[in-house]
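# Architecture at a glance
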Amino acid sequence: MKKSYPFSNLHRRSLIKAALSAGAGMATLPKTIFAANDTKEILDQDYDVVVVGSGAAGMTAALRASKRGLKTLVVEKSKLYGGSTARSGGGIWIRNNTINQEAGIKDSQEEALAYLNLVAGTGSSFEKQKAYIQQGPEMISFVMENSPLKFRTMEGYPDYYPELYGGKAEGASIEPEEFDGRALGKELKNLNPAYIKTPEGVVVYGGDYKWMTLASVSIRGAARAATAISRYLAAKIRGRKPLTMGQALAGGLRAGLLKADVPVLLGASISDLSADRDGRINGLFVETKDGLRLVKASKGVIMASGGFEKNLKMRQQYQKAPVDTSWTLGAETNTGDGIRIGEAVGADLKLMDDAWWGPTIPLTKESPYFCLSERSLPGSIIVNSKAKRFVNESSPYHDVVNAMYEQPKQGDELPIWMIADQRYRNRYLLRDVPALLPLPKEWYESGAVVKADSLAELAEKIGLATEDLIDTVSTFNNYAENGVDEDYQRGESAYDQYYADPNVKPNVSLYPIENGPYFAFRMVPGDLGTKGGLETDEHSRVLRPNGSVIEGLYAAGNVSAPVMGRSYAGAGSTLGPAMAFGYIAADHIADS
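Note that the structure is a prediction, hence the values are computed from the model and not measured.

Taken in spatial order, the three strands make up an open sheet running β15-β14-β20, and their pairing is antiparallel. Edge strands, defined here as strands with exactly one partner in the open sheet, are β15 (367-370) and β20 (524-530). Each strand of the sheet is rotated relative to its neighbour by a mean of 55 degrees, with strand direction disregarded. With five bridges joining them, strand β14 (residues 355-364) and β20 adopt antiparallel strand pairing. By the bridge assignment for β20, alanine 355 is matched with threonine 530. Across the sheet, helix α13 (residues 397-404) is in contact with β14, β15 and β20; its angle to β14 comes to roughly 75 degrees.

So, about the packing of aromatic side chains. Here the distance between the centres and the angle between the planes together describe a pair of aromatic rings. Using the criterion set out here, one finds 19 aromatic pairs in the structure. An angle of 80 degrees between the planes, with centres 5.0 Å apart, marks the rings of tryptophan 356 and tyrosine 568 as edge-to-face. Here tryptophan 356, found in strand β14, pairs with tyrosine 568, found in the loop between β23 (549-555) and α19 (575-591); they are 212 residues apart in sequence, far enough to count as distant. By relative accessible area, tyrosine 568 is classed as buried at 1%. Through a chain of ring-to-ring contacts, three or more aromatic side chains come together here, namely Tyr157, Tyr160, Tyr209, Trp356, Phe370, Tyr397, Tyr495, Tyr498, Tyr499 and Tyr568. Above the plane of the ring of tyrosine 47 lies lysine 71, whose end atom (NZ or CZ) is 5.4 Å from the centre. Above the face of the tyrosine 81 ring, arginine 254 is positioned so that its terminal group lies 5.6 Å from the ring centre.

Turning our attention to the sheet that holds strand β16 (residues 380-383). Spatially, β16-β17-β19-β18 is the arrangement adopted by the four strands of the open sheet, whose pairing is antiparallel. Each of the sheet's edge strands pairs with one partner strand only, and the pair in question is β16 and β18 (449-452). Strand-to-strand twist of the sheet, defined as the mean angle between neighbouring strand axes without regard to direction, takes the value 20 degrees. Where β18 and strand β19 (residues 518-522) come together, four bridges link them in antiparallel fashion.

What follows is about the confidence of the model for the protein. Here the protein shows a mean pLDDT of 93. Residues at 70 or above account for 94%. Confidence drops under pLDDT 50 across residues 1-37; counting only partners more than four residues distant or on other chains, this segment forms 73 contacts.

This next bit is on the side chain of threonine 360. Inspection of the secondary structure puts threonine 360 in strand β14. Among all residues touching threonine 360, those that are not within four sequence positions of it are Trp327, Pro368, Tyr369, Phe370, Arg522, Met523, Val524, Gly526 and Asp527.

Between the first and last C-alpha of helix α3 (residues 56-67) there are 16 Å, a value that for twelve residues agrees with the 16 Å anticipated at 1.5 Å per step. Burial within α3 is extensive, with eleven of its twelve residues counted as buried. Those residues of α3 not exposed but buried are Ala56, Ala57, Gly58, Met59, Thr60, Ala61, Ala62, Leu63, Arg64, Ala65 and Ser66. Just past α3, the residue glycine 69 takes up positive phi, approximately 90 degrees.

Next up on the list: the packing of helix α7 (residues 126-146) against α19. Following both chains from N to C, one finds α7 and α19 inclined at 90 degrees, their axes separated by 8 Å at the closest point. When the interaxial angle is binned, α7 and α19 end up roughly perpendicular. The segment α7 lies against α19, with Lys128, Ala131, Tyr132, Gln135, Gly136, Glu138, Met139, Phe142 and Val143 engaging Gly576, Pro577, Met579, Ala580, Phe581, Tyr583, Ile584 and Asp587. Per-class residue counts for the contact of α7 with α19 are eleven nonpolar, three polar and three charged.

Calculation rules
Residues numbered from 1 in each chain as written. Predicted model: local features only at pLDDT ≥ 70, side-chain atom pairs only at ≥ 80, totals over all residues. Heavy atoms only, no water. Pairing = 2+ DSSP bridges. Helix = DSSP H or I, 4+ residues; strand = E, 2+ residues; numbered from the N terminus. Axes fitted to C-alpha atoms, helices over the stretch in contact; angles between N-to-C directions. Contact = heavy atoms within 4.5 Å. Phe/Tyr/Trp six-rings, centres within 6.5 Å; stacked < 30°, edge-to-face > 60°. Buried < 20%, exposed > 50% of the residue type's maximum accessible area, 1.4 Å probe, protein only. Lys NZ or Arg CZ within 6 Å of the ring centre and 35° of its normal. pLDDT = per-residue confidence, 0-100. Expected span 1.5 Å × (residues − 1). Parallel < 35°, antiparallel > 145°, perpendicular 65-115°, else oblique. Nonpolar A, V, L, I, M, F, W, Y, C, P; charged D, E, K, R; others polar.

Dropping the structure here:
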């Protein structure tokens, strides 16, 4: 049985390190082993707080800690800052914030908490849910006051279960306004790049994506595309370097840290934590190109190092098959370091089998595509190895993957295909390929996309029973003509309708699949990152299995078990809690 004493599970080197700590002070390694450079100068100092990770959780925590008067350092394993945040769409689910209030969206803490509790259930404590709802809006206001970041509503983007009490069909998520990258100076080159680079000539927000997909069939979509072009031209005229979405969020937080004089040490991984004789965490061991160094954090360490989505061994240990590190959008350096190190000092782990799932097309080994709108657009369905539909394709993306995992396998494979026709391709953007244009040959060569002149030929090519696929498509086509999905009620929820086509009647989510050639897109259980990690309380303090607190150790973001439990409240349910609990951690340290 695991002991609660922090160093009970550490290896021999860690036990020796633990012995370096004595009384109120903490021993340091010989300074002579480090070259005279910026890294040495940073690591030579003592800090009140050290934050591990430079995504939204870590940088929000560091900014708050600094503004509360705590000497703060951020260490980042990668040579770039921003983590998965910089790669993301930048949406933030924080209910009842000032941005939405000014936009006229009516909300309350009571509604927001009731909704979150219905969504998350017992997957997280009510106290933790309450802390998030109460302090999230305060965090957003703080970020705007202490960084160049401003935010905008994601107009009309519904909560994922808007029919539940407290859910918002009109939307509650926000995203960053355009941020001028010039504010970062030389640090702009160190920003982790976006998952999909925005095409040259446009400035696009996450809230534009729905309409850009419909640009060839919708006046509003064409107008939104024109606006994206005009934003770009305005930025060029003014000499700006426009950043939006996750790039703006990570860049804006980094700019806030620059102004606050908080160092962000890149290329610095952690190997272990250090504790005093009472077991309180008071520092950590940092490895850089210059070697290993013990860094003092007299008031606490905040873990914000991301999940373990890029660690295949951990994924195979904790999660169901099939799973692959090439299907995730998480940062390359998210290999579970903070989780493993936290567990070694006695931390409890929760929800390690879960992730922020989403159906993904593995276009190439290096280029997975997380499907948001494609599976919701009319004229497409998703089928299993029996050529049968098994889910409302327009459901929230984590629900779709949960349903995928329940389907029959073929050996180690989970054959899932999205089926569409040429009409679908004539009307809608797919990833960054405009309507009507041919899909890249690399997608066909990888096996992610298959094309055939008839449904029978398509079925043969992807290994499905011909009659079964034809029957499934025929049944769906009847539903589409009548406007009612009798099997899975696709198109009934406001969320289903968000990524649909408003020009299609009688159901914006349904249209017959009948105009060849036909396409099959391979779908795999991808994710935005893993969901499980260190169990924390409402103050972001890391807990042991018996519920006791590991003093001095805090966690926020995907390194920790989520306030969302096994569900997903709305767009930005990763970044919103990450930022909020980073903020909460800093406040608790400052107040202790």
